[in-house]
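Coordinates in review
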Amino acid sequence: MTRAELDAAGIFDPALRQSYRLCRKINARHGKTFFLATRLLAPDQRPAVHALYGFARRADDIVDEIDPQRTADRCRSELDTLATRFADVAMSGDPVLAAVRHTAESYRIPAGLFESFLASMRMDLVVTDYPDRAALDRYVYGSAEVIGLQLLPVLGTVESETAAAPYAAALGKAFQLTNFLRDIDEDLARNRVYLPADELAAHGVDRELLAWCRRRGRIEPRVRQALIAQHEITREIYEFARGGIELLAPRSRPCVAAALTLYSEILDRIAAAEFEVFGRRATVTTARKAHVGAAGMVRAWLARRSSPPAPRWAETARRASTTTESPGRE
């Protein structure tokens, strides 16, 4: 993480600066599209976003690495340890948790959002199928919607956060549902299906038919129709979420607009491939990402020139939790 970003965020404590740098490295390594979008934020906003990503990635890695040596019970224990260390970061010595806890305190992000996220991660250890939309929505709230809600105080709003919250949650949900469509093959390999069973059944599709497609590396007509229906639902959620961009602080809008554009275009790639999601993974090209990123960078620069500063309480909280160490010393 650049010195300018940390200085802009009022983070001067040397150990804390290193913690935020580690979170940035995690984001850059694993969150390709997310990291690109983060670059469109103002420098003072970026460290907090990297920290929140670092926490989510830490938990996600735990639940996605179950193998004969790492049972569900062991993963559950690791998640419990993560939750305990997050609650008492002074005792954990974990640099990622130090950064995310600092972010949570600085921006007054409710602890319940982190608890809901970990609750959904625990579900991944025992739940492999979702009977209906309501069951899936309960999982998605904790796995994705709370991410949008965590980011909202960092992004800032022109109205109350309460007014913007439904849109922020919806965008997180749309991103997650896009992942579910794109990663059906990969999720089946982990014995998981993140599509409502009753909605699949309406098209004559069940887990066995999905497994058949995976073994053969090709789509089946009934599965294609089921995925078209899921695609339409996800597209509608994107359109709803788009309406919330204007509620964000002007300097944050280019970032969120770019993320929405790039992620929703994964849906376009899936449709263009006629929903052949088995044996291949829909992606947005590097050239397209660069084009969207460059245009967003210009809009972000223009917006920051006239955007108001961060709320005084956030700046006060950040500076109160740092030392008076000179920003020129590391």
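See the structure above.
The following refers to the structure shown.

1. Focus on the side chain of Thr 234
Position of Thr 234 among the secondary structure elements: in helix α14 (residues 221–242). Sequence-distant contacts of Thr 234, defined by excluding residues within four places in its chain, comprise Ala 174, Leu 177, Thr 178, Leu 181 and Leu 267.

2. Regarding the nonpolar core
One finds Phe 55, Val 223, Leu 227 and Phe 278 to be the most contacted residues of the largest nonpolar core, which totals 96 residues. No other element matches helix α9 (residues 133–155), which puts 11 residues into this core. When near neighbours in sequence (up to four residues on either side) are disregarded, Phe 278 contacts Ile 184, Asp 185, Leu 188, Leu 210, Cys 213, Arg 214, Gly 217, Arg 218, Ile 219 and Val 223.

3. So, unusual backbone geometry
Even without glycine at this site, Asn 191 takes up a positive phi of about 65°. The phi dihedral of Phe 275 is positive, around 65°, even though this residue is not glycine. For Phe 275, a relative accessible area of 6% corresponds to the buried category.

4. Quick word on the packing of helix α15 (residues 253–272) against helix α16 (residues 286–306)
Contact pair α15 / α16: the axes reach a minimum separation of 9 Å and the direction vectors enclose 160°. The angle between the axes of α15 and α16 places the two elements in the roughly antiparallel class. The crossing of α15 and α16 is right-handed. Across from Pro 254, Ala 258, Thr 261, Leu 262, Glu 265 and Arg 269 in α15, the residues of α16 making contact are Arg 288, Lys 289, Val 292, Gly 296, Arg 299 and Ala 300. A per-class count over the contact of α15 with α16 returns five nonpolar, two polar and five charged.

5. Description of α14
Think of an α-helix as 3.6 residues a turn; residues three or four steps apart then line up on the same face. The terminal C-alpha atoms of α14, which comprises 22 residues, lie 32 Å apart, in line with the 32 Å expected from a rise of 1.5 Å per residue. All buried positions along α14 are accounted for by Val 223, Ala 226, Leu 227, Gln 230, His 231, Thr 234, Ile 237, Tyr 238 and Ala 241. Within α14, the buried residues cover an arc of 145° as seen down the axis, which keeps them to one side. What points out from α14, more than 90 degrees from its buried face, is the exposed set Pro 221 and Glu 236. Of the residues flanking the start of α14, the one acting as N-cap is Glu 220, its side-chain oxygen 2.7 Å from the backbone nitrogen of Arg 222.

6. Digging into the packing of aromatic side chains
Any pair of aromatic rings gets described here by the distance separating the centres and the angle formed by the planes. Enumeration according to the criterion identifies 13 aromatic pairs in this entry. Ring geometry for Tyr 130 against Tyr 139: centres 5.6 Å apart, planes inclined by 45°, an arrangement best described as tilted. Overall, the relative accessible area of 3% leaves Tyr 139 in the buried class. Seen from their ring centres, Tyr 130 and Tyr 194 are 6.0 Å apart, and the 25° between their planes marks the pair as stacked. Of this pair, Tyr 130 sits in the loop between α8 (111–123) and α9 while Tyr 194 sits in the loop between α11 (184–189) and α12 (197–201); the two residues are 64 residues apart in sequence, bridging distant segments of the chain. For Tyr 130, a relative accessible area of 2% gives the class buried. A network of ring pairs unites the aromatic residues Phe 55, Phe 86, Phe 114 and Phe 117 as a single cluster.

What counts, and at which threshold
Residues numbered from 1 in each chain as written. Predicted model: local features only at pLDDT ≥ 70, side-chain atom pairs only at ≥ 80, totals over all residues. Heavy atoms only, no water. Helix = DSSP H or I, 4+ residues; strand = E, 2+ residues; numbered from the N terminus. Contact = heavy atoms within 4.5 Å. Core = buried A, V, L, I, M, F, W, Y, C linked by side-chain atoms within 4.5 Å. Buried < 20%, exposed > 50% of the residue type's maximum accessible area, 1.4 Å probe, protein only. Axes fitted to C-alpha atoms, helices over the stretch in contact; angles between N-to-C directions. Parallel < 35°, antiparallel > 145°, perpendicular 65-115°, else oblique. Left-handed = near helix turned anticlockwise from the far one by under 90°. Nonpolar A, V, L, I, M, F, W, Y, C, P; charged D, E, K, R; others polar. Expected span 1.5 Å × (residues − 1). Arc of directions from axis to C-beta. Polar contact = N/O pair within 3.5 Å; in protein donor to acceptor, adjacent residues only side chain to side chain. Phe/Tyr/Trp six-rings, centres within 6.5 Å; stacked < 30°, edge-to-face > 60°.

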